[in-house]
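Spelled out from the first residue to the last, the chains are:
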Amino acid sequence: MTAPADEDEPWAAWESAYGEVRRAVTLRSPSGPVAEFLLHIEDDQAWFRWSGEPFDDDSPSG
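Structure report, in brief.

The rules behind these values
- Residues numbered from 1 in each chain as written.
- Predicted model: local features only at pLDDT ≥ 70, side-chain atom pairs only at ≥ 80, totals over all residues.
- Heavy atoms only, no water.
- Helix = DSSP H or I, 4+ residues; strand = E, 2+ residues; numbered from the N terminus.
- Buried < 20%, exposed > 50% of the residue type's maximum accessible area, 1.4 Å probe, protein only.
- Areas by Shrake-Rupley, 256 points an atom, 1.4 Å probe, with all protein chains shown as cover.
- Contact = heavy atoms within 4.5 Å.
- Salt bridge = Lys/Arg side-chain N within 4 Å of Asp/Glu carboxyl O.
- Pairing = 2+ DSSP bridges.

### Some remarks on the overall build of the chain
Part 1 of the reasoning: Secondary structure assignment for the chain yields one helix and four strands.
Part 2 of the reasoning: Mapped in sequence order, the helices and strands of the chain form the string α-β-β-β-β.
Part 3 of the reasoning: For the chain, the residues scored as buried account for 18% of the 62 residues in total.
Part 4 of the reasoning: Counting only carbon and sulfur atoms, one obtains 52% of the accessible surface of the chain, whose full area is about 5,300 Å².

Right under this line is the structure:
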């Protein structure tokens, strides 16, 4: 089942913005780059979650 086009629009905008961030930002741990991360930005605060393994293909980043 697919969502109506108007419901897909916010996700398309999010995926586009996320793609731009992924091209411009690399998150590194003390042992090197991490496999995947999600960067959250709200108002004047930012935080992230990261994984040493790639996310599943159905995640927002994949």
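### Describing the environment of Pro 33
Part 1 of the reasoning: Among the secondary structure elements, Pro 33 is positioned in strand S2 (residues 32-33).
Part 2 of the reasoning: Relative accessible area serves as the criterion here: at 53%, Pro 33 is assigned to the exposed category.
Part 3 of the reasoning: Along the primary structure Pro 33 and Gly 52 are separated by 19 residues, whereas in three dimensions their C-alpha atoms are 8.7 Å apart.
Part 4 of the reasoning: Residues within four places of Pro 33 in sequence aside, it is in contact with Thr 26, Leu 27 and Arg 28.

### Focus on the pattern of salt bridges
Part 1 of the reasoning: Tallying each qualifying case throughout the model produces two salt bridges.
Part 2 of the reasoning: One salt bridge in this structure joins Glu 20 and Arg 23, with 2.7 Å as the shortest N-O distance. Of the two residues, Glu 20 and Arg 23 both sit in helix H1 (residues 5-24), three residues apart, roughly one turn of that helix.
Part 3 of the reasoning: Put simply, Glu 36 and Arg 22 hold a salt bridge, and the shortest N to O gap is 2.9 Å. A residue pair is termed long-range when its members are at least 10 positions apart, and Glu 36 in strand S3 (residues 36-42) and Arg 22 in helix H1 qualify at 14 residues.

### Some details on the pairing of strand S4 (residues 45-51)
Part 1 of the reasoning: The pairing of S3 with S4 spans seven bridges and is classified as antiparallel. When the sheet's bridge partners are listed, Glu 36 is paired in S4 with Ser 51.
Part 2 of the reasoning: What sits between S3 and S4 in their antiparallel hairpin is a turn of two residues, with Asp 43 showing a positive phi close to 55 degrees.

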